[in-house]
Amino acid sequence: PKYLAPSQNMVKKSEILYPYNEEEESLVVCEGAFDAISLKIQGINATSTGTAYVSKIQAEILRSFPGRIIMGYNKDNAGKIGISKFYDFCRATKMLELYVCFPPEKFKDWNECLKADVDIKSLIENNTRKYDSFYVLDNLASSL
């Protein structure tokens, strides 16, 4: 099976993050483990939250990452809402800057990019933007 639901005696996926290198300059946070693996195959430090939502425990773990955090969730409503809620946490806890980079429009997620042989590393390097109130206003204006 693609996913196995843990029993009651196991750690919940909302309490952990997919393993990543804490000594890298940046970390891409994805929704699913397959997306994180796809990014790692292309040499990108990545982790997975397991859903389009960063739990409070995961947020606290991410808060200790010394480098740049890039939200690489899918560009659907769930992904956008998840990023927005994590941004609210960042502001409330005075966490450093947050960045965002979505998979290209024609792909659902990073795993589809990998299967299509997209140079994901270059894509992330060239399309990562700071996520702040200006980013939110820009995207709101462009969707009208």
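This is a predicted model, so every value here is computed, not measured. (Residues numbered from 1 in each chain as written. Predicted model: local features only at pLDDT ≥ 70, side-chain atom pairs only at ≥ 80, totals over all residues. Heavy atoms only, no water.)

This paragraph deals with the packing of aromatic side chains. Aromatic ring pairs are reported here in terms of the distance separating the ring centres and the angle at which the planes meet. One pass over the full model with this rule turns up three aromatic pairs. Taken together, a centroid distance of 6.1 Å and an interplanar angle of 10 degrees make the contact between phenylalanine 86 and phenylalanine 89 stacked. Placement of both phenylalanine 86 and phenylalanine 89 in helix H3 (residues 77-92) is noted, with a separation of three residues, approximately one turn of the helix. Both residues of the pair, phenylalanine 86 and phenylalanine 89, count as buried. Ring geometry for tyrosine 87 and tyrosine 131: centres 5.0 Å apart, planes at 75 degrees, overall edge-to-face. (Phe/Tyr/Trp six-rings, centres within 6.5 Å; stacked < 30°, edge-to-face > 60°. Helix = DSSP H or I, 4+ residues; strand = E, 2+ residues; numbered from the N terminus. Buried < 20%, exposed > 50% of the residue type's maximum accessible area, 1.4 Å probe, protein only.)

Relative to strand E3 (residues 68-71), strand E1 (residues 26-30) runs parallel, the two sharing four bridges. Across the sheet, residue serine 26 finds its bridge partner in E3, namely arginine 68. As defined by bridge partners, E3 adjoins strand E4 (residues 98-100) across three bridges and the pair is classed as parallel. Across the sheet, isoleucine 70 pairs through a bridge with tyrosine 99, a residue of E4. With H3 bridging E3 and its parallel neighbour E4, the resulting β-α-β unit is right-handed. (Pairing = 2+ DSSP bridges. Right-handed = clockwise from strand over helix to strand, strands pointing away.)

Given a rise of 1.5 Å per residue, 16 residues ought to cover 22 Å, and the 23 Å separating the end C-alpha atoms of H3 matches this to within 8%. Turning to H3, its buried residues are Gly79, Gly82, Ile83, Phe86, Tyr87, Phe89 and Cys90. In an axial view of H3, the angular spread of the buried residues amounts to 155 degrees, which keeps them on one side of the axis. More than 90 degrees from the buried face of H3, the exposed residues found are Asn77, Arg91 and Ala92. (Expected span 1.5 Å × (residues − 1). Arc of directions from axis to C-beta.)

Before going further, it helps to spend a moment on the pairing of E1. The side chains of a regular strand alternate between the sheet's two faces. Of all the five residues making up E1, four are buried; the element is thus mostly covered by neighbouring parts of the structure. Alignment of E1 against strand E2 (residues 46-48), held across three bridges, turns out to be parallel. Bridging across to E2, cysteine 30 finds its partner in serine 48. Note on the crossover from E1 through helix H1 (residues 33-41) to E2: the handedness is right-handed.

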